[in-house]
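Each chain, letter by letter, is given below.
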Amino acid sequence: MVYKRFYLGVVLRVVGLAVTMFFAIWLFSNQNLLLAPGILAFILILQVIEMVYFVNSINHKLARFLDSIRFNDFSSSFTSDSKKGDSFKAVNLAFNEVMDVFKQTRAEKEEQMLFLQVIIQHINSGIISFNSQGQIGVINNSAKHLLQIPQFRDISDLGRLSTDLLKEVLEMKPGQRISKKINASLHLIIQSTSLKMGGESWTLLSMQNINAELQSNELEAWQNLTKVLRHEIMNSITPISSLVESLRTILEEDTYLQKEGMLIKKDGFIDMQEGLDTIANRSRGLVSFVNAYRDYTNIPEPKLETVSVQSLFENVLRLMKEDLKAKEIKIETSIHPEDTVIRCDVDQITMILINLLKNAAESLVNQADRIIWLSAQNQGDLGTVIQVEDHGPGIVPEALERIFVPFYTTKKTGSGIGLAISRQIMNLHKGSLQVKSTPNERTVFTLNFR
């Protein structure tokens, strides 16, 4: 409507110019008058000036309106020329309404930004954002408290706390998570996310100090280990102590002195033999337990190399061939994509896979369908997963939470050390070993490689 009125105003002014020009020429040509055409010529000049002013006023108004939007100046008001006509009044009203909408939108965005800033400053996790040049965009109070770096303006300032931490942060991929111990009181878990804002790439870091949780978990682990050690040692020492007392009684009651020396009755001799055999067996059991504990606490650092998952699977199946054949177990393998590779210690990961396949095979002994699925999948930035799946009896929920605890086992002949060592090896690889199980349906062990 506004544009129609502007168009009509221009048309009327052009018609007025044409009429004035026509009468000026007619009076000069046909009536031989000079004064009247001169007056009309003056009026014609005024009409041209007024028309130029009319058109330019709209252009100036539009330019001022666009400049207000460009420089976020929404305090401008368009009412000064409303008396010039309905078209100007309609234009001013439309501009003012648009400015009010911009004002409201800007106020809402500022409120949302303030709300987000308040949230960011009050969450317990440290938050830091930095751009591709390393300039800090956002850093909340929790991050300042964790890092204790004065005048933290550039991500390179993180090197004042730890150069290794700075290097690892700069090498982090989106979605990656790292754990870094800085000192005795600071152990950080850092997760990275990338985003684009204003045409620029930003990296967002969230961090938490898990030192207190680690200390609590460490204390709990030592307490659990102490319980296991006490239980195992007492189970061995108590019967040994009791047998020693019994043997002492046998020596006192079933032996008698002769000239040739000490003689013992036959029944007492047999009892002593059985007692000594029992002591020897319990001693061997205790030595085996100590050796298992030594194996758990002395896992070497992995020697990482890039290895094809295909060759890794082939090596494991070659080693397991006879055992699986004896149990009539079939292995189904799948790798997506086929050229998937991982960085790992081949010997250690082979040991984990053999252990998992043996456990799965033992669970399928009484099953009609004896198939184990061994698979690998490359998930891009999320890393690579290797899974061992079977449809055996599964693991009950109560045991599921404890199967990775050292020396805990659900098998009569198991040592309870295999899965605990396997998880520790994956931790040394900066990965994880997880399990999901639905009793009598399926059990899946998952190795996550970052």
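Residue positions are given per chain, counting from 1 as you read along its sequence in written order. Local features in this predicted model are restricted to residues of pLDDT 70 or higher, and side-chain atom pairs are both shown and tallied only at a pLDDT of 80 or more, whereas totals for entire chains, interfaces and linings draw on every residue. Neither water nor hydrogens contribute to the side-chain values; these are computed over all heavy atoms in the structure.

Undergrad: Give a detailed account of the sheet that holds strand E3 (residues 177-183), specifying residues and quantitative values.
TA: We treat two strands as partners when DSSP finds at least two bridges between them. Secondary structure counts use DSSP, requiring at least four H or I residues in a row for a helix and at least two E residues in a row for a strand, with both numbered from the N terminus. With respect to topology, five strands assemble into an open sheet ordered E2-E1-E5-E4-E3, the strand pairing being antiparallel. Each edge of the open sheet is held by one strand with a lone partner, namely strand E2 (136-139) and E3. Mean inter-strand twist for the sheet, computed between neighbouring axes without regard to direction, equals 25°. Both strand E1 (residues 126-131) and strand E5 (residues 200-209) contribute to a ladder of six bridges, which runs antiparallel. The partner of Ser-129 across the bridge, within E5, is Leu-204. Lines fitted to C-alpha atoms define the axes here, with helix axes fitted over just the stretch in contact, and angles between the N-to-C directions of these axes take values from 0 to 180 degrees.

Undergrad: Describe the packing of helix H9 (residues 346-363) against helix H11 (residues 418-428), listing the residues and the values that go with them.
TA: Closest axis-to-axis distance for the H9/H11 pair is 10 Å, and the angle between their directions is 145°. As for the relative orientation of H9 and H11, their crossing is left-handed in sense. The segment H9 lies against H11, with Gln-348, Ile-349, Met-351, Ile-352, Asn-355, Leu-356 and Asn-359 engaging Gly-418, Leu-419, Ile-421, Ser-422, Ile-425 and Met-426. Each crossing is labelled by how the near helix is turned from the far one, with a counterclockwise turn of less than a right angle marking it left-handed and a clockwise turn marking it right-handed. Working rule for contacts: check all heavy atoms of both residues, and any pair within 4.5 Å makes them a contact.

Undergrad: An account of the pairing of strand E13 (residues 432-438) is needed here, citing residue identities and associated values.
TA: Note: E13 against strand E14 (residues 442-449), seven bridges, orientation antiparallel. For Ser-437, the partnering residue across the bridge sits in E14 and is Thr-443. Hairpin connection from E13 to E14: three residues lie between these consecutive antiparallel strands, with Asn-440 at a positive phi of about 65°.

Undergrad: Describe the pattern of salt bridges, with residues and values.
TA: Salt bridges, as used here, are contacts in which a Lys or Arg side-chain nitrogen is within 4 Å of a carboxyl oxygen on Asp or Glu. Summed over all chains, the structure comprises six salt bridges. Note that Glu-332 is salt-bridged to Lys-330, the shortest N-O span being 3.2 Å. Its relative accessible area of 30% is what places Glu-332 among the partly exposed residues. Here Glu-389 and Arg-442 are joined by a salt bridge, their closest N and O atoms 3.2 Å apart. In this pair, Glu-389 sits in strand E12 (residues 384-390) while Arg-442 sits in strand E14, placing the two residues 53 residues apart along the sequence. Each residue is placed in one exposure class: buried if its accessible area under a 1.4 Å probe, protein chains only, is under 20% of its type's maximum, exposed if it is over 50%, and partly exposed if it falls in between.

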